[in-house]
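Spelled out, the chains give:
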Amino acid sequence: MVYFFVLIALILLYMKIETTFLSTSLVNFSPDTDGLKVVHLSDIHINKFYVSKSKLLIRINQVKPDIIVMSGDYIETYRDISKFISFLSMLSENYPVYLTFGNHDHKALYYNSNNKKAFIDKIEAAGGKVLLNANSRILKNGTSYNLIGIDDLKKGKPDIEKAFLGIKASIETGCINIAVSHNPDIIFDLPSDKVDYLLCGHFHGGQIWMPFNIEFKLMRKEKLCKMKCFRGLHKINGVNLYINRGLGNVIFPFRFLSTPEIAVIQFPGRNVNKSINELT
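Here's a quick rundown of the structure.

### Focus: the side chain of Glu-261
Along the chain, the position of Glu-261 falls in strand 12 (residues 261-266). Within the local environment of Glu-261, its side chain forms a polar contact with the side chain of Tyr-242, the two groups lying 2.4 Å apart. Among the polar contacts listed, one links the side chain of Glu-261 to the backbone nitrogen of Arg-245, at a separation of 2.6 Å. Sequence-distant contacts of Glu-261, defined by excluding residues within four places in its chain, comprise Leu-22, Ser-23, Ser-25, Tyr-242, Ile-243, Asn-244, Arg-245, Gly-246 and Leu-247.

Given below as C-alpha cells:
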C-alpha cells in the first residue's frame, strides 16, 4: 500500500513539473520562408500558467515571427486581467499581437458587454489587436493575408458574416485567408471556399492524457473530439486546421503527456502550393 501512494505522489509530481515544460511545434505549409511566419499561442489561463515567461520569450525571439496570434482563454476571473495585460505587454513590445476570445474569457467577464469593452480597451492599450468577428489584412513580400478572428463558438457571439465582411475566396483574389477562433468545432460553420487555414485551441491536447480517449468521452461533446481530432494538424472540409495544446492549465494545475506548446507556422507566399507538410 505504501508503494502505491509513493507511486501516485511521483506521478502527481511529474504532472506538476510537466506544466513548466515548453515544446515548439514547427508547421510548414511552404518550402521557403517568403511567406508570413506566425507564432500561435492559445489557452494561456494566466492564473495557472507555469511556463517560464523568459523561456517563452527566448523561444519566440529565436524563431523571429512576423506576428503572434492568440486564440483565446487568457483569464478565468476578472482579477486576472492585470496579470494577463502584463504578459501581453511582454509580447507586444517586439511583435504585433492579434487576439480573439475563448469561453473562459467570456465567463470571467460575466458575459457583460461593458466588461468586454473594458478588457478590449486594456488589451489594445497594451499593444494587442482584438479581432472579434472582424478581420485585418497583413502584407508580406507582395502577398496579402487576411486574418479573420471569430468569437468563441459556445460562450461568445460568433458572427460569421460579420467576420468575413469584405473577404472573398482566395482563388478569386490571390489572398491567403487565415481564420482564428477558440473552439475548433467552428470549422463546421465556416465558408470553406473563403478559409485556407484555421488556428484554434480549447482542447489543451487532452491536458491529462487518459487511455481510450476517456477524457474526451467524459468531458467533451465537440464533434472533432469524436473524430479524434483534438491536437495538431488536420484537414477538415478542405480547411487546414491546427489545434494548439495551449500553454496554461484549466481546473487542475497538472498536465500528463500534453506538454505546453507554441506553434510556429510558416504560411506560403505568392504562388506557392499550399500543401501540408508538418515538421516536428
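What follows continues from the structure just given.
### Section: the packing of aromatic side chains
Counting across every chain of the model gives 13 aromatic pairs. Each ring, one from Tyr-197 and one from Phe-267, has its centre 4.9 Å from the other, and the planes form 70°; the classification is edge-to-face. Pair noted here: Tyr-197 is in strand 9 (residues 197-200) and Phe-267 is in the loop between strand 12 and strand 13 (277-279), with a separation of 70 residues, a long-range link. Residue class for Tyr-197 comes out buried when judged on its relative accessible area of 0%. Grouping aromatic residues by their ring pairs yields a cluster made of Phe-49, Tyr-74, Phe-84, Phe-87, Phe-101 and Phe-119. We note Lys-16 situated over the ring of Tyr-50; from NZ or CZ to the ring centre the distance is 3.8 Å.

### Some details on the packing of helix 3 (residues 81-92) against helix 5 (residues 113-125)
At their nearest, the axes of helix 3 and helix 5 sit 9 Å apart, and the two run at 25° to each other. One finds that helix 3 runs roughly parallel with respect to helix 5. Here helix 3 and helix 5 pass one another in a crossing that is right-handed. Two secondary-structure elements touch here, helix 3 through Ile-81, Phe-84, Ile-85 and Leu-88 and helix 5 through Phe-119, Lys-122 and Ile-123.

Calculation rules
Residues numbered from 1 in each chain as written. Predicted model: local features only at pLDDT ≥ 70, side-chain atom pairs only at ≥ 80, totals over all residues. Heavy atoms only, no water. Helix = DSSP H or I, 4+ residues; strand = E, 2+ residues; numbered from the N terminus. Polar contact = N/O pair within 3.5 Å; in protein donor to acceptor, adjacent residues only side chain to side chain. Contact = heavy atoms within 4.5 Å. Phe/Tyr/Trp six-rings, centres within 6.5 Å; stacked < 30°, edge-to-face > 60°. Buried < 20%, exposed > 50% of the residue type's maximum accessible area, 1.4 Å probe, protein only. Lys NZ or Arg CZ within 6 Å of the ring centre and 35° of its normal. Axes fitted to C-alpha atoms, helices over the stretch in contact; angles between N-to-C directions. Parallel < 35°, antiparallel > 145°, perpendicular 65-115°, else oblique. Left-handed = near helix turned anticlockwise from the far one by under 90°.

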